[in-house]
Amino acid sequence: GQNIDQPTEMTATEGAIVQINCTYQTSGFNGLFWYQQHAGEAPTFLSYNVLDGLEEKGRFSSFLSRSKGYSYLLLKELQMKDSASYLCAVRLYSGAGSYQLTFGKGTKLSVIP
Amino acid sequence: EAQVTQNPRYLITVTGKKLTVTCSQNMNHEYMSWYRQDPGLGLRQIYYSMNVEVTDKGDVPEGYKVSRKEKRNFPLILESPSPNQTSLYFCASSVAGPYEQYFGPGTRLTVT
């Protein structure tokens, strides 16, 4: 079966850097996404990795190692508005040109002053 | 404005009464998907559609039906809802995919 693990909760201080890890054991891996979800709202897209390495987008960076089944999301210069859940999701090739998306359970990040 | 809309946003119903949750996108996206979100379980994919007339089961399809007769619409049908289908439901779409998905605002369903 597919398995995606990420920490349930994390706390970090405003202005600091935090790294949220995601490990996966899947078959048919075809890319990894990070989404942000504020309480009571819909998820919004943050980043996408399909090849190994680091993708940087402003204060947010995402890293992927396919051989290790590992990714992380790095948030720099934390702001209070970064308090949210961060969802790791893996795109899986299901065959016949079809792609499925499986999410981890999410990491709730609390940013404190 | 590019968006995914869902209706209704809130629904309380009784066991066994058929219902449909509509989803529509105005971005000409090929890929559409339905998810449910439950505390402690995260987002789980119910069904997805790579394009018109093409639908596939996700991780938790039991008790649900979908159809994709037109590109913009992807309704979720619960033929005989049960209390274990009480959940927060999200519809999402992407250009092809799934790639960068745009999510609707969610439908909170309670089945008593």
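Above: the structure in question.
Owing to the predicted nature of the structure, the values given are computational and were not obtained by experimental measurement.

**Topic: the state of the cysteines**
Move 1: What the rule picks out here adds up to 2 disulfides over all chains.
Move 2: Between the sulfur atoms of Cys22(A) and its disulfide partner Cys88(A) the distance amounts to 2.0 Å. Torsion about the S-S bond of the Cys22(A) and Cys88(A) cystine: about -65°, corresponding to left-handed handedness. Of the two residues, Cys22(A) is situated in strand β3 (residues 18-25) and Cys88(A) in strand β9 (residues 84-95); the sequence distance between them amounts to 66 residues.
Move 3: Here Cys22(A) falls in the buried class, since its relative accessible area comes to 0%.
Move 4: Judged by relative accessible area, which is 0%, Cys88(A) ranks as buried.
Move 5: Across the disulfide, Cys23(B) is cross-linked to Cys91(B) (sulfur-sulfur distance 1.8 Å). Judged by the sign of its S-S torsion, about -70°, the bond between Cys23(B) and Cys91(B) is left-handed. Here the residue Cys23(B) occupies a position in strand β3 (residues 19-25), and Cys91(B) occupies one in strand β9 (residues 87-94), the gap between them amounting to 68 residues.
Move 6: Classification of Cys23(B) by relative accessible area gives buried; the value is 2%.

**Notes on the sheet that holds strand β1 (residues 3-5) of chain A**
All names here are of chain A.
Move 1: Ordered in space as β1-β3-β8-β7-β6, the 5 strands form an open sheet in which the pairing is antiparallel. At either end of the open sheet lies a strand with only one pairing partner, and these are β1 and β6 (53-57). With strand direction ignored, the average angle separating the axes of adjacent strands in the sheet is 15°.
Move 2: As paired elements, strand β7 (residues 60-65) and strand β8 (residues 70-75) share 6 bridges and run antiparallel to each other. By the bridge assignment, Ser 65 is partnered in β8 with Tyr 70.

**Some points on the pattern of salt bridges**
Move 1: For the coordinates displayed, the defined rule picks out 7 salt bridges over all chains.
Move 2: One salt bridge connects Asp82(A) with Arg59(A), and the closest N-O pair in it is separated by 2.8 Å. Highlighted residues: Asp82(A) in the loop between β8 and β9 and Arg59(A) in the loop between β6 and β7, separated in sequence by 23 residues. The same class applies to Asp82(A) as to Arg59(A), namely buried.
Move 3: Salt bridges here are not isolated pairs; linked through shared partners, they connect Lys18(B), Lys65(B) and Glu79(B).

**Describing the side chain of Thr107(A)**
Move 1: Mapped onto the secondary structure, Thr107(A) falls in strand β11 (residues 107-112).
Move 2: Once residues lying within four places of it in the same chain are set aside, the contact partners of Thr107(A) are Gln6(A), Pro7(A), Thr8(A), Glu9(A), Met10(A), Ile20(A), Ala84(A), Ser85(A) and Tyr86(A).

**Overview of the interface of chain B and chain A**
Move 1: Contacts between the two partners involve 22 residues from chain B, matched on the other side by 20 residues from chain A.
Move 2: Taking both sides of the interface into account, the surface hidden between chain B and chain A amounts to around 1600 Å²; carbon and sulfur atoms contribute 55%.
Move 3: When the area that chain B buries against chain A is broken down by residue, the three leading residues are Leu43(B), Pro98(B) and Tyr99(B), summing to 29%.
Move 4: For the pair chain B and chain A, the number of links is 0 salt bridges.
Move 5: If you look at where chain B meets chain A, you find 10 residue pairs in polar contact (both at pLDDT 80 or more).
Move 6: Elements with a minimum of two residues in the side of chain B that touches chain A: β4 (31-38), β5 (42-51) and β6 (54-57) of chain B.
Move 7: Broken down by element, the side of chain B that touches chain A gets its largest block of residues, 5 residues, from β5(B).

Parameters and conventions
Counting of residues starts from 1 at the beginning of each chain's written sequence and follows it residue by residue. To read the labels, note that chains go from A and ligands from 1, taken in the order they are written. Local features in a predicted model are, by the rule used here, given only for residues with pLDDT of at least 70; side-chain atom pairs are given and counted only at 80 or more, and totals for whole chains, interfaces and linings are based on all residues. To obtain the side-chain values, all non-hydrogen atoms of the structure were included, while hydrogens and water were left out. Here, the term disulfide refers to a pair of cysteine sulfur atoms separated by no more than 2.5 Å. Per the convention used, a helix needs a DSSP run of H or I reaching at least four residues, while a strand needs a run of E reaching at least two, with both numbered from the N terminus. Throughout this description, buried means an accessible area under 20% of the type-specific maximum (1.4 Å probe, protein chains only), exposed means over 50%, and partly exposed covers the range between. Pairing between two strands is assigned when DSSP locates at least 2 bridges connecting them. Every axis corresponds to a line fitted to the C-alpha atoms, with the helix fit spanning only the stretch in contact, and the corresponding angles, defined between N-to-C directions, vary from 0 to 180 degrees. A pair is scored as a salt bridge if a Lys or Arg side-chain nitrogen falls within 4 Å of a carboxyl oxygen belonging to Asp or Glu. When checking whether two residues touch, look at their non-hydrogen atoms; a contact exists if any pair is within 4.5 Å. A simple way to read buried area is as the amount of 1.4 Å-probe accessible surface that goes missing from two parts once joined, with both sides added. Throughout this description, a polar contact denotes any pair of N or O atoms lying within 3.5 Å of each other; where both atoms belong to protein, one of them has to be capable of donating a hydrogen while the other can accept it, and for residues adjacent in sequence the pair is counted only when both atoms sit in side chains.

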